[in-house]
Amino acid sequence: MTTRGSRHWDPERLPSQVGRVVAITGANAGLGFFTSLQLARAGARVVLACRDETRAETARAAIRRLVPEASVDVVRIDTSDLASVGDAALALSALNRLDVLITNAGVVHPPRERALTGDGLELVGATNHFGHFALVAGVIDALERTPGARVVTLGSLATRLVRLDVDDLQLERRYTGWRAYAQSKIMAWSFGLELDRRLRASGLGTRALVAHPGYSITGRTPIVRGVNEPGAGQRFVDNLQASFTQGKDRGAWPTVRAAVDAGAEGGESFGPRFFIKGAPVPQMPVGVVRDRATATAIWTESERATGVRLLSAS
Ligand SMILES: NC(=O)c1ccc[n+]([C@@H]2O[C@H](COP(=O)([O-])OP(=O)(O)OC[C@H]3O[C@@H](n4cnc5c(N)ncnc54)[C@H](OP(=O)(O)O)[C@@H]3O)[C@@H](O)[C@H]2O)c1
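Here we summarise the structure given alongside this text. (Residues numbered from 1 in each chain as written. Predicted model: local features only at pLDDT ≥ 70, side-chain atom pairs only at ≥ 80, totals over all residues. Heavy atoms only, no water.)

Topic: the packing of aromatic side chains
So, step 1. Counted by the stated rule, this structure contains 6 aromatic pairs.
So, step 2. A ring pair is formed by Phe133 and Phe191, whose centres lie 5.3 Å apart and whose planes are at 50 degrees; its orientation type is tilted. Taken as a pair, Phe133 in helix 4 (residues 123-144) and Phe191 in helix 5 (residues 177-201) lie far apart in primary sequence, 58 residues in all.
So, step 3. For Phe133, a relative accessible area of 0% corresponds to the buried category.
So, step 4. Take Phe191: its relative accessible area is 2%, and that puts it in the buried class.
So, step 5. Among the aromatic residues, ring-to-ring pairing joins Phe133, Phe191 and Trp299 into one connected group.
So, step 6. Across from the ring centre of Trp299, 4.2 Å away, lies the NZ or CZ of Arg198, which sits over that ring. (Phe/Tyr/Trp six-rings, centres within 6.5 Å; stacked < 30°, edge-to-face > 60°. Helix = DSSP H or I, 4+ residues; strand = E, 2+ residues; numbered from the N terminus. Buried < 20%, exposed > 50% of the residue type's maximum accessible area, 1.4 Å probe, protein only. Lys NZ or Arg CZ within 6 Å of the ring centre and 35° of its normal.)

Structural notes on the sheet that holds strand 8 (residues 280-282)
So, step 1. With respect to topology, 8 strands assemble into an open sheet ordered 3-2-1-4-5-6-7-8, the strand pairing being mixed. One side of each edge strand has no neighbouring strand; the edge strands of this open sheet are strand 3 (71-76) and strand 8. Strand-to-strand twist in this sheet, taken as the mean axis angle between neighbours without regard to direction, amounts to 20 degrees.
So, step 2. By the bridge criterion, 5 bridges tie strand 1 (residues 21-25) to strand 2 (residues 45-50) in an arrangement that is parallel. Residue pairing for strand 2: Ile24 is matched across the bridge by Leu48.
So, step 3. Relative to strand 4 (residues 100-103), helix 4 is tilted by about 175 degrees, and along the sheet it contacts strand 1, strand 4 and strand 5 (150-154).
So, step 4. Across the sheet, helix 5 lies against strand 5, strand 6 (207-211) and strand 7 (269-272), angled at about 155 degrees from strand 6, the strand it touches most. (Pairing = 2+ DSSP bridges. Axes fitted to C-alpha atoms, helices over the stretch in contact; angles between N-to-C directions. Contact = heavy atoms within 4.5 Å.)

Here we look at the side chain of Ser302
So, step 1. Considering the arrangement of structural elements, one finds Ser302 in helix 10 (residues 292-306).
So, step 2. If sequence neighbours within four positions are ignored, Ser302 has contacts with His129, Phe130 and Phe133.

Looking at the nonpolar core
So, step 1. Leu92, Leu98, Leu135, Val139, Leu195 and Leu310 are the most contacted members of the largest nonpolar core, which has 49 residues in total.
So, step 2. Elements with a contribution of two residues or more to this core: strand 1, strand 2, helix 3 (82-93), helix 4, helix 5, strand 6 and helix 10.
So, step 3. A per-element tally of this core places helix 4 first, with 11 residues.
So, step 4. Setting aside residues no more than four positions away along its own chain, Leu98 makes contact with Val21, Ala23, Leu92, Val139, Ala142, Leu143, Thr146 and Ala149.
So, step 5. Residues Ala70, Ile102, Leu154 and Ala264 belong to the second largest nonpolar core, which totals 35 residues. (Core = buried A, V, L, I, M, F, W, Y, C linked by side-chain atoms within 4.5 Å.)

Describing the site of the ligand
So, step 1. Of all residues adjacent to the ligand, which total 26 residues, the nearest are Leu31, Arg51, Arg55, Tyr181 and Lys248.
So, step 2. Between the ligand and Ser216, the relevant distance is 2.8 Å, taken from an oxygen atom to a main-chain nitrogen or oxygen of the residue.
So, step 3. Calculation on the ligand without its partners gives an accessible area of 900 Å², and the protein chains cover 88% of this total.
So, step 4. Judged by its atoms lying within 2 Å of the grid points, the ligand is housed in the largest pocket. (Near = heavy atom within 4 Å. Polar contact = N/O pair within 3.5 Å; in protein donor to acceptor, adjacent residues only side chain to side chain. Areas by Shrake-Rupley, 256 points an atom, 1.4 Å probe, with all protein chains shown as cover. 1 Å grid on protein atoms, 1.4 Å probe; cavity = no way out; pocket = protein on both sides within 12 Å on 5 of 7 lines; lining within 4 Å. Sits in = over half its atoms within 2 Å of the grid points.)

Thoughts on the pattern of salt bridges
Two side chains of opposite charge can pair, provided their charged atoms sit close to one another.
So, step 1. Scanning the model with the defined rule gives 12 salt bridges in all.
So, step 2. With its nearest N and O atoms 3.2 Å apart, the salt bridge here joins Glu194 to Arg292. With a gap of 98 residues between them, Glu194 in helix 5 and Arg292 in helix 10 connect regions that are remote in the sequence.
So, step 3. Notably, a salt bridge pairs Asp196 with Arg200, separated by 2.7 Å at the nearest N-O pair. (Salt bridge = Lys/Arg side-chain N within 4 Å of Asp/Glu carboxyl O.)

As for the environment of Ala279
So, step 1. Here Ala279 is to be found in the loop between strand 7 and strand 8.
So, step 2. When the C-alpha positions of Ala279 and Ser243 are compared, they lie 15 Å apart, and in sequence the two are 36 residues distant.
So, step 3. In this structure Ala279 touches Trp253, Gly271, Pro272 and Arg273, once residues within four positions along its chain are discounted.

The following block contains the structure:
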């Protein structure tokens, strides 16, 4: 079900994306920046959806420096703030088309103690999943207006490393930073697969795919002025891990493939060939994110937490 796509894909030779519009959350840094850069290079108009305007403008300038003909816009979003998510959804819906939404933004260094957003949600889950759930709900009509539209969510190998407690999705009973991160990524991956099932069941044309970047670290990533400037110390330490890591430029490859490979189908997942690094290939997700009952519980909690309904009739 999840490994249909061809194993052959050259991430350095993308099909032309001229005329297509792609919005990426968390696009000012890391994987989101390199995803945006690669898509801009292929000709897409990219919309950098970021929480900090200065960092977003720096990223926009960097893309324009590297791809002078690039069309780059900025939309403000804080995915941990449902009002901000609503505003961003309106801005994205005002675009003349929206071919791909990539829900990449994430807290990757969670707080040691459980923290709440202004909406009263657990911070890591809110930033990495619940905000994106509300964003997808807010732009679904814009996606549907665009033939062949896709949503790409970001999973993680961390989904293999914790047992999900579906009765504690806000981590009120048992919080650790690691659990919060891994659980948020289980929710994100499960959501991507369930979204595709519900889109099909509702007779809609948009498709949902999932990507994970393996293990991609800053010190092995090309230097980009103002965006990615690790010091010599970090580069040295990160390069000691070269055998089991890659740069975020390569970590972006599965996301980019999920966004643009015409042969990829809704419900597919992509990740690095060698699990933690390598060329982007179809991947079989772990059982917990394929489980329908778990997906339903996550969806129900997502609607409750955000106050937003999305394809819930199916
Ligand atoms: N790197 C890996 O090996 C790896 C592995 C598995 C999955 N992932 C996933 O890949 C995605 C990107 O990770 P990364 O390694 O590129 O991390 P990163 O370098 O720390 O970048 C994270 C991005 O998310 C943004 N962000 C964080 N909180 C936000 C919020 N509340 N609202 C809007 N944007 C917010 C950050 O913006 P600011 O600059 O404003 O903080 C930044 O642009 C995450 O979803 C992560 O879970 C990464």
